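Letter by letter, the chains look like this.
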Amino acid sequence: MSVTQQQILATLKRIRGPDLQGNIVELGLVSEVVVRDGRVSFSITVPPERAGELEPLRQAAQQVVAELEGVSAATVVLTADRAGGRAPAATATAAAGPGARAESPRVAAARSAQGGAAQGGAPAAAQSHAHSHSHSHQHAPAAAAGAPRAATHGARKPGAVPGVKHLIAVASGKGGVGKSTVAVNLALGLAALGHKTGIMDADIYGPSQPKLLGLSGKPKVGANNRLIPMEAYGIKVMSMGFIVDEATPIIWRGPMVVSALNQMMREVEWNSGGEDLDVLVIDMPPGTGDIQLSIAQQVPLAGAIIVCTPQDLALIDARKGLAMFQKVDVPVLGIIENMSYYLCPKCGERAEIFGHGGAKHEAEKLDLPFLGAIPLHIEIRELSDSGKPVVATHPESANARVFLEIAAATWVAIEASAAGKAEPPRLDVSTDKASLKVAFEGGASYDLPAELLRVTSPSAEVQGHSPSQRVTVPKKRNVKIKELRPVGNYAVRIVFDDGHDTGLFSWVYLAELGREKEKKWAQYLAELEAKGLSRG
Ligand code: ADP
């Protein structure tokens, strides 16, 4: 049975307009609908600067039509409204009425406004058909070029991203330093430490996260037209690569990127099962140009991490990155040195081929935390290239451990940044070494049993290397605290008498443990019982 234009328009009435008022058909935003051998194509008119933000609308329209009986494929593109910044709803009221056909001149006009080839009154729909298999964003940047520089409204800081507690950017002064590789392994490391983690691939010049994580396909659209992030190795993944077509290079502009990025971040169901993401890692485009600045300015970042290599002479590029974030008041959480030393895959020997401690020294000079040094190791590259990141697939390896340490240091820096300049609490180990008293400036004070601290340790050993591997540690009834080792100004490493010493207890975590002591303890006991384990 072949599908008719009327059936398609009737279905499209289910899709709400850009401001969630009315529907796209009655608002007059749908072009003529072309049906050929079960293949349907049409365009939806939107203001150019909203093209990024309205991507879900396009997807939803495409999906409802694709699901109709008799439709083998649907191609929907967004086209620019001639009026530029005008809200479609405003023009649409005048154009209201079911006549999709009435929109053709507007679409044609929009095309000529783009400087495109709206030759000799060719029907707009035919043009849109010619663009089948292309995506909205291939039109949008061209349209945005004619729009007023939206960067001017970038001064305001946007609100938090729904479903995400902390957003951090992983940036580099230039390409090829391993920023994406570090970003993905850092995200996996944060997940291994028990934090709900996502990664947002904003590297428009080479969106590589899906490949690094072995993902293919595109995210689905869920309820309320929200995108469902993809998932790999326990972390949630979104990528600008999902909306750009590799075959069609795009000339991105700052405002366009921010608009598309906001779309890919805000219209997404990050929260799952009622739980927000603790951290969303943003893999930034390399460099410190206009685009990076727009992102730094307009995405509510908790902080940024700068990846560099020892070859970057005196970290000139890293310094540029630092200056960029400082300019827009984004705290730099620290520097990571990648390809720092050569680790021989055969003998494990460490060779400091680029000299030692350069980035660490520079970080100190710049008064920035040094988060760690990653070796140049073939395993890291091979596993990345095959979509099996080392932290997820070889969690016990030396390379994975390096990333886990960096993830722990990063988390501490995130919390420290979030907590502002909180004074460290007073820590007193009881004489029998069986509990720790944590007294915060200004009142709150908690007695935390060594056993509770040990079994909730924020370490990969306890939290597992991914949420699915979360471990319940039994038989710690008599564990004692052997030593406290302060880490920076925001955490303490607790050494227990059973040898466990990899947990970094930040002040924020200790406060949370104190506040939720009963709940955490009950959870632990329930887990023990469920797994048939005992306190020993
Ligand atoms: P960027 O995002 O900075 O452009 P990538 O993460 O894409 O850089 O890394 C560039 C190349 O270097 C990739 O082939 C990657 O596998 C490799 N690479 C990155 N870090 C390391 C490392 N520590 N050891 C070995 N190869 C690495």
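Being a predicted model, the structure only gives us computed values, none of them experimental. (Residues numbered from 1 in each chain as written. Predicted model: local features only at pLDDT ≥ 70, side-chain atom pairs only at ≥ 80, totals over all residues. Heavy atoms only, no water.)

Regarding the overall build of the protein chain
Basically, it comes down to this: Secondary structure elements follow DSSP: runs of H or I of four or more residues count as helices, runs of E of two or more count as strands, with numbering from the N terminus. Note on classification: 1.4 Å probe, protein chains only; a residue is buried when its accessible area is under 20% of the maximum for its type, exposed when over 50%, partly exposed between these limits. Here a residue-residue contact requires only that any non-hydrogen atoms of the pair lie within 4.5 Å. Reported accessibility uses the Shrake-Rupley method at a 1.4 Å probe radius. Residues are deemed covered only where the shown protein chains occlude them.
Along the backbone of the protein chain there are 19 helices and 21 strands. Looking at the protein chain as a whole, 54% of its 536 residues qualify as buried. Partitioning the intrachain contacts of the protein chain with sequence separation of at least 6 by distance along the chain shows that 69% fall at a separation of at least 24. Accessible surface, the protein chain: about 23000 Å² in total, of which carbon and sulfur atoms supply 52%.

What to know about the site of the ligand
Keep this limit in mind: Throughout, the term near means that a residue has one or more heavy atoms lying within 4 Å of the molecule or strand in question. Side-chain atoms alone can form a polar contact between residues adjacent in sequence; in general such a contact is a pair of N or O atoms within 3.5 Å, and within protein one must be able to donate a hydrogen while the other accepts it. Classes in brief: Ala, Val, Leu, Ile, Met, Phe, Trp, Tyr, Cys and Pro nonpolar; Asp, Glu, Lys and Arg charged; the others, Gly included, polar.
Surveying the vicinity of the ligand reveals 16 residues, the closest of which are Gly176, Lys179, Ser180, Thr181 and Pro375. Take Gly178: an N or O atom from its main chain is 2.9 Å from an oxygen atom of the ligand. Out of a free accessible area of 560 Å², the ligand has 79% covered by protein chains. Among the secondary structure elements, those contributing two or more residues to the shell around the ligand are α7 (179–192) and α13 (378–385). Looking at which element gives the most residues to the shell around the ligand, the answer is α13, with four residues. Here the shell around the ligand is composed, by residue class, of six nonpolar, seven polar and three charged.

Remarks on the sheet that holds strand β9 (residues 235–239)
Going by this rule: Here, strands pair whenever DSSP counts at least two bridges between them. Every axis corresponds to a line fitted to the C-alpha atoms, with the helix fit spanning only the stretch in contact, and the corresponding angles, defined between N-to-C directions, vary from 0 to 180 degrees.
Judged by pairing direction, the sheet is mixed, and its eight strands sit side by side in the order β8-β9-β5-β10-β4-β11-β12-β15 without closing on themselves. In the strand order of this sheet, the two ends are held by β8 (230–232) and β15 (370–373), each with one partner. Strand-to-strand, the axes of this sheet are offset by a mean angle of 25°, without reference to chain direction. Of the pairings in the sheet, the one linking strand β5 (residues 197–201) to strand β10 (residues 277–283) comprises five bridges and is parallel in character. Bridge pairing in β10 links Gly198 to Leu280. Together, β4 (164–172), β11 (303–308) and β12 (332–337) form the strand contacts of helix α11 (residues 316–327), whose direction differs from that of β11 by roughly 170°. Where helix α15 (residues 398–418) meets the sheet, its contacts fall on β4, β10, β11, β12 and β15, and the angle it forms with β15 comes to roughly 170°.

Details of unusual backbone geometry
Only a minority of non-glycine residues have a phi that is not negative, and only a minority of peptide bonds are not trans. Although it is not a glycine, Tyr233 adopts a positive phi angle of roughly 50°. The class of Tyr233 is partly exposed, set by a relative accessible area of 33%.

Some details on the sheet that holds strand β20 (residues 491–496)
Reading across from one edge, β19-β20-β21 is the order of the three strands in this open sheet, with antiparallel pairing throughout. The sheet terminates laterally at β19 (481–487) and β21 (504–506), the two strands that pair on one side only. This sheet shows a mean twist of 30° between the axes of neighbouring strands, independent of strand direction. Strand direction decides the pairing type here: β19 and β20, joined by six bridges, are antiparallel. Its bridge partner lying in β20, Ile481 is registered against Phe496. Lying on the sheet, α15 is in contact with β20 and β21; it crosses β21 at an angle near 5°. Docked against the sheet, helix α18 (residues 507–515) engages β20 and β21, running at close to 75° with respect to β21.

Section: the packing of aromatic side chains
Defined as follows: By convention, a stacked pair of Phe, Tyr or Trp rings (six-membered ring in the case of Trp) has centres within 6.5 Å and planes under 30 degrees apart, an edge-to-face pair has planes over 60 apart, and any other such pair is tilted.
Taken as a whole and assessed by the stated rule, the structure comprises three aromatic pairs. Measuring from ring centre to ring centre gives 6.0 Å for Phe505 and Tyr509, while their planes differ by 55°; the resulting arrangement is tilted. Here the aromatic rings of Trp521 and Tyr524 are separated by 5.4 Å at their centres, their planes lie at 40°, and the arrangement is tilted. Of the two residues, Trp521 and Tyr524 are both situated in helix α19 (residues 517–530); the distance of three residues between them amounts to about one turn of the helix.

Focus on the environment of Ala183
With respect to the secondary-structure elements, Ala183 resides in helix α7. Along the backbone, Ala183 and Met200 are 17 residues apart, and their C-alpha atoms lie at a distance of 9.6 Å. Contact partners of Ala183, with chain neighbours within four places excluded, come to Val170, Ile199, Gln209, Val281 and Asp283.

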